[in-house]
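Chain residues, written in single-letter form:
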Amino acid sequence: MKKSIIVGLFLIGIAFVSCSKDCKECKSCKTLAPATLCEDDFEKTSDYNDQIQNYESDGCVCNSK
């Protein structure tokens, strides 16, 4: 019984961590350094989207990671 509870908590933890990250890797920029941007690193989703747009306007190619 104890083992099944521990395994269940472990699997829930892994599912939570893997689902919460929305990241984009931006490469091939003209002037900005390549970067990996994750939504969790910003206070607001709009700030994250603005930064992605900023990188894309510099010529970067941003793909989901």
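Residues numbered from 1 in each chain as written. Predicted model: local features only at pLDDT ≥ 70, side-chain atom pairs only at ≥ 80, totals over all residues. Heavy atoms only, no water.

Some details on the state of the cysteines
Taken as a whole and assessed by the stated rule, the structure comprises 3 disulfides. Here Cys-26 is linked by a disulfide to Cys-62, with a sulfur-sulfur distance of 2.1 Å. Its S-S torsion of about 115° marks the bond between Cys-26 and Cys-62 as right-handed, since a negative value means left-handed. Of this pair, Cys-26 sits in strand 1 (residues 23-27) while Cys-62 sits in strand 3 (residues 61-64), and the two are 36 residues apart along the sequence. (Disulfide = S-S within 2.5 Å. Helix = DSSP H or I, 4+ residues; strand = E, 2+ residues; numbered from the N terminus.)

Structural notes on the nonpolar core
Formed by Cys-26, Cys-29, Ala-35, Leu-37, Tyr-48, Ile-52, Tyr-55, Cys-60 and Cys-62, the largest nonpolar core amounts to 9 residues. Contributing elements (two or more residues each) for this core: strand 2 (35-38) and helix 2 (45-57). No other element matches helix 2, which puts 3 residues into this core. Not counting chain neighbours up to four residues away, the residues in contact with Tyr-55 comprise Cys-26, Cys-29, Leu-32, Ala-33, Ala-35, Leu-37, Cys-60 and Cys-62. (Core = buried A, V, L, I, M, F, W, Y, C linked by side-chain atoms within 4.5 Å. Buried < 20%, exposed > 50% of the residue type's maximum accessible area, 1.4 Å probe, protein only. Contact = heavy atoms within 4.5 Å.)

Remarks on the sheet that holds strand 3
Backbone hydrogen bonds hold the strands of a sheet together, and the pairing may be parallel or antiparallel. In spatial order, the strands read 2-1-3; together these 3 strands make up an open sheet with antiparallel pairing. Unpaired on one side and paired on the other, strand 2 and strand 3 mark the two borders of the sheet. Averaged over all pairs of adjacent strands, the angle between strand axes in this sheet comes to 25°, irrespective of strand direction. Bridge count for strand 1 against strand 2 is 4 bridges, and the pairing is antiparallel. Residue pairing in the sheet places Cys-23 in a bridge with Cys-38 of strand 2. Running over the sheet, helix 2 touches strand 1, strand 2 and strand 3 and is turned about 155° from strand 2. (Pairing = 2+ DSSP bridges. Axes fitted to C-alpha atoms, helices over the stretch in contact; angles between N-to-C directions.)

A closer look at unusual backbone geometry
A positive phi is found at Ser-28, a non-glycine position, where the angle reads about 60°. Residue placement: Ser-28 occurs in the loop between strand 1 and strand 2. Overall, Ser-28 belongs to the exposed group, its relative accessible area being 58%.

Observations regarding helix 2
The first and last C-alpha atoms of helix 2 sit 18 Å apart over 13 residues, in line with the 18 Å expected at 1.5 Å per residue. Those residues of helix 2 lying buried are Tyr-48, Ile-52 and Tyr-55. Seen end-on, helix 2 carries its buried residues on one side only, within an arc spanning 60°. Facing away from the buried side of helix 2, by more than 90 degrees, are the exposed residues Gln-53 and Ser-57. Turning to helix 2, the residues buried within the fold contact strand 1, strand 2 and strand 3. Positioned one or two residues after helix 2, Gly-59 has a phi angle of 95°, which is positive. (Expected span 1.5 Å × (residues − 1). Arc of directions from axis to C-beta.)

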